[in-house]
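Residue-level listing of the chains:
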Amino acid sequence: MGGRERAGLLFTAPWLLTFAAFGLFPVLFSLGLSVSRFNPTHPDAARWVGLANYRELLTDGTFWQSVGNTLFFAVGTIPFTTAIALAMALLVHARPPASGFFRTALFVPTVVSLVVVSLVFRYIYAPTGMLNAILSRVGVEGRAWLQEPDLALPAIMAMDVWAAVGYYMILMLAGLKAIPREVYDSAEVDGAGWWTRLVHITIPCLRPILLFVIVINTIRSLQVFVEIVVMTQGGPLNRTLTVVYYLYETAFYKLRMGYGSAVAYALFAVLFLVTLVQLRLLRFGRAVGD
Amino acid sequence: MKRTLVLLALVFFVLTTLVPLVWMVSMSVRGEAVLIRGLGDLIPSEPTLEHYRAVWGESAFARFFFNSALVAGLVVGGNLVFASMVAYGCARLRMRGSRVLMATVLGMLMIPKQVTMVPLYVLMSWLHLIDTYGALTLPFMVDALNVFLVYQFLQTVPPDLEDAARIDGAGEAVVFFRIVMPLIKPVLAVVGINTFLVNWNSFLYPFILTASEEMRTVPVGLALYAQGQYSIDWGSLMAGSVLSVVPVLVVFFLFQRQIVSGLTAGAIRG
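Note that the coordinates shown come from a computational prediction; the quantities given were computed from them, not determined experimentally.

Before going further, it helps to examine the overall build of chain A. Within chain A one finds 12 helices and 2 strands. Starting at the N terminus and walking to the C terminus, you meet the elements of chain A as α-β-β-α-α-α-α-α-α-α-α-α-α-α. Rg of the C-alpha trace for chain A: 24 Å, well past the compact-globule value of 19 Å for 290 residues, more than 25% over. Counting only C-alpha atoms and orienting by the principal axes, one finds that chain A spans roughly 75 × 75 × 35 Å. Relative to its 290 residues, chain A shows a buried fraction of 44%. In chain A, of all internal contacts separated by at least 6 residues, the share reaching a separation of at least 24 is 71%.

Moving on: the overall build of chain B. The number of helices and strands found in chain B is 15 helices and 0 strands. In terms of its C-alpha atoms, chain B occupies a principal-axis envelope of roughly 75 × 65 × 35 Å. Counting all 270 residues of chain B, 44% fall into the buried class. Long-range contacts, defined here as pairs at least 24 residues apart, represent 76% of the contacts in chain B between residues at least 6 apart.

Below, the discussion takes up the domain arrangement of chain B. All names here are of chain B. Segmentation of chain B into domains returns domain 1 (1-48) and domain 2 (60-269). Taking only C-alpha atoms, the centre of domain 1 and the centre of domain 2 are 33 Å apart. On the domain 2 side, the residues contacting the 7 residues of domain 1 number 6 residues. Elements with a minimum of two residues in the side of domain 1 that touches domain 2: helix H1 (2-28) and helix H2 (32-37). If one sorts the elements of the side of domain 1 that touches domain 2 by residue count, H1 sits on top with 4 residues.

Below, the discussion takes up the packing of helix H5 (residues 114-124) of chain A against helix H14 (residues 234-254) of chain B. Following both chains from N to C, one finds H5 of chain A and H14 of chain B inclined at 150°, their axes separated by 10 Å at the closest point. Considering their axes alone, H5 of chain A and H14 of chain B lie roughly antiparallel with respect to each other. For H5 of chain A against H14 of chain B, the interelement crossing comes out left-handed. Across the interface between the two elements, Val-116, Leu-119, Val-120 and Tyr-123 of chain A of H5 of chain A pack against Trp-234, Leu-237, Ser-241, Ser-244 and Val-245 of chain B of H14 of chain B.

Here we take up the nonpolar core. Counting 165 residues, the largest nonpolar core has Met-88, Met-169 and Met-172 of chain A together with Val-86 of chain B as its most contacted members. Of the residues forming this core, the biggest block, 16 residues, is contributed by helix H7 (residues 152-177) of chain A. When we break this core down by domain, the ones giving at least three residues each are domain 1 (1-48) and domain 2 (60-269) of chain B. Setting aside its immediate chain neighbours within four residues, Met-172 of chain A contacts Ala-85, Leu-86, Ala-89, Leu-206, Ile-209 and Val-213 of chain A.

Turning to the interface of chain B and chain A, a few remarks are in order. Facing the 68 residues of chain B at the interface are 72 residues of chain A. Counting only elements with at least two residues in the side of chain B that touches chain A, the list comes to H1, helix H4 (61-92), helix H6 (117-126), helix H11 (185-201), helix H12 (204-209), helix H13 (218-228), H14 and helix H15 (256-266) of chain B. Residue contributions to the side of chain B that touches chain A peak at 14 residues, all from H1 of chain B. The class makeup of the residues in the side of chain B that touches chain A is 52 nonpolar, 13 polar and 3 charged.

All names here are of chain B. In the contact formed by helix H8 (residues 144-154) and H11, the axes pass within 9 Å of each other and the chain directions differ by 170°. Compared by their axis directions, H8 and H11 come out roughly antiparallel. Judged by residue contacts, Asn-146, Leu-149, Val-150 and Phe-153 of H8 engage Val-187, Val-190, Val-191 and Thr-195 from H11. Here the contact of H8 with H11 is composed, by residue class, of 6 nonpolar, 2 polar and no charged.

The pLDDT averaged across chain B works out to 87; a share of 92% of its residues lies at or above 70. In the model output, the complex is listed with pTM 0.91 alongside ipTM 0.90.

Residues and elements named next belong to chain A. Cis peptide bonds are those with omega within 30 degrees of zero, and the linkage from Gly-235 to Pro-236 qualifies with -15°. Its place among the elements puts Pro-236 in the loop between helix H10 (226-231) and helix H11 (243-252). Located in the positive-phi region is Leu-237, a residue other than glycine, with phi close to 55°. You can see Leu-237 is positioned in the loop between H10 and H11. Residue Leu-237 is classed as exposed on the basis of its C-beta count, with 10 C-beta atoms lying within 10 Å.

Turning our eyes to something else, we now look at H14 of chain B. Note that an α-helix has 3.6 residues per turn; residues three or four places apart therefore point the same way. The first and last C-alpha atoms of H14 of chain B sit 30 Å apart over 21 residues, in line with the 30 Å expected at 1.5 Å per residue. Those residues of H14 of chain B lying buried are Trp-234, Gly-235, Ser-236, Leu-237, Met-238, Ala-239, Gly-240, Ser-241, Val-242, Ser-244 and Val-245 of chain B.

As a further point, take the environment of Glu-56 of chain A. Residues and elements named next belong to chain A. Looking at the element boundaries, Glu-56 is found in helix H2 (residues 52-59). Here Glu-56 falls in the partly exposed class, since 14 other C-beta atoms lie within 10 Å of it. The spacing of Glu-56 and Ala-262 is 206 residues in sequence and 9.5 Å in space, taken between C-alpha atoms.

All right, on to the environment of Gly-129 of chain A then. Residue and element names in this part refer to chain A. Position of Gly-129 relative to the elements: it lies in the loop between H5 and helix H6 (130-137). Overall, the presence of 22 C-beta atoms within 10 Å leaves Gly-129 in the buried class. Expressed as a C-alpha distance, the spacing of Gly-129 and Ala-46, which sit 83 residues apart in the sequence, is 48 Å.

Conventions adopted
Here, residues in each chain are numbered from 1, in the same order as that chain's written sequence. Labels are handed out in written order, letters beginning with A for the chains and numbers beginning with 1 for the ligands. In keeping with the predicted nature of the model, local features appear solely for residues at pLDDT of at least 70, side-chain atom pairs appear and are counted solely at 80 or more, and the whole-chain, interface and lining totals rest on all residues. In DSSP terms, a helix is any run of H or I states spanning at least four residues, a strand is any run of E spanning at least two, and both are numbered starting from the N terminus. Restricting the calculation to C-alpha atoms gives the radius of gyration, and the globule rule supplies 2.2 Å times the number of residues raised to the power 0.38. Burial is judged by counting other C-beta atoms within 10 Å of a residue's own C-beta: 20 or more means buried, 12 or fewer means exposed, and anything between counts as partly exposed, with every C-beta placed from the backbone. C-beta atoms are placed from the backbone for every residue, and two residues are taken to be in contact when these atoms lie within 7 Å. Domain extents, as shown, originate in an automatic or database domain assignment. Only the contacting stretch of a helix is used when fitting its axis, a line to C-alpha atoms as for every element, and angles between N-to-C directions run 0 to 180 degrees. Under this scheme an angle from 65 to 115 degrees is roughly perpendicular, one under 35 degrees roughly parallel, and one over 145 degrees roughly antiparallel; angles in between are oblique. Crossing handedness is read from the near helix: turned anticlockwise from the far helix by less than a right angle, it gives a left-handed crossing, and turned clockwise, a right-handed one. Structurally, a nonpolar core is described as a collection of buried Ala, Val, Leu, Ile, Met, Phe, Trp, Tyr and Cys residues joined by way of C-beta atoms within 7 Å. Put simply, Ala, Val, Leu, Ile, Met, Phe, Trp, Tyr, Cys and Pro go in the nonpolar bin, Asp, Glu, Lys and Arg in the charged bin, and everything else, Gly too, in the polar bin. Within a predicted model, pLDDT stands for the predictor's per-residue confidence, ranging from 0 to 100. To estimate how far a helix should reach, multiply one less than its number of residues by 1.5 Å.

As structure tokens, this is what we get:
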């Protein structure tokens, strides 16, 4: 072993050991837990149960309700987030006066913590909050946005769109900048209008970025958690219970850590599939000239 | 005409973006009596700092702030030193298996934090680290994205300077800290700033890995305050929220370019 190789070991050891303990081990341990019964207050009673946890998942009505809520959340937010982010990116890219200011202002919510965003919106949605105050001015009766079963999840979804668009706008802006000017110049010579250029040039050129944004937004939406903790804790009537909130409740309230890990792995399997799609798209994106 | 439409649309989007944040600030400087009426007008007639005094003075908020600052400092420092050391080791020091290692590190980016929250909790309780600064820092020391970013940046730095220093008799530690670290400053800025933002705002791990009030970070403290109370003192809660956002906004306005490049790279983390 040369001196340089020994130095290499010394340089990598601190991070690698920490990584092995707190990065790699939990992932493997999680798989082990998912085929066990494990209650942290009775560690001696832990035992191997094979695929029983996964079998239970198949017939667990509350779990499937959380899956339904989570899918509803994803399907109901992603089209809006994508469309609004695209609109914002196109507007900023049109280089109006002070476009730098607009870009910065639209991006601000991205750096504010989700806990704070959720607290502010919980107050906005409160019976005496801003939304009802504005509605009463135009003569509409206020609602208990986070307490009514049919309204709670859509209210959280609207907040999610508000909080997320800035980030996707930045990604799309990077994509717009990469489209060569000449493409537009020749279209203008041909007399193509604003709409024609958008549909026939901009969106096709942006396709890799758009697909990419949709996929990472899907991955994020399937993991909704913080909003639920702060705003509704899964209620009313489990109507805002998401998969990750159910995982948290199962593991840390009911102390069923084995079953909770099975929920985690089921979620992971889905996310893994989405990620595989994402990797293919990324490769595609690079080929186009990201 | 077209220009005016673009401007109008942007002004509309900026207003919808900023109104909730303005409402947060507005509610934090309102007196109690005005609060209950909950009017939609955004400018309070008699602004007061009583909620800020209450939050900073009487509650445990100052402690949350101290915890968040200490943890963020440790995590940023740890990531800057250890992530660049491991990236440098893999990129330059003829390590066997460094390619396999980088592939593993990249693979870890795809595993969501939620999958490991249960085993991490069990591991931390075996190590008696629940409710300690160890639990608040160690899981954040191994952000694979940071290693990847430094590794990628090192590919663009020619090794000539390092080799020249070695010929002059410099040891590997001197080469790394004196020659390499200054050369990779741009990527270290991206790593440091984004690690700070992610850590300052992080909720899930601090939430499940702490138990006592003294060990809460700002986001956990705010969230649990809003959960525990029968009637919430919204004025103080909004004041706490504003205070918690200040460090992030300062960093944001100073380093927007690095944040954007970090977020764009961070997209692969999903």
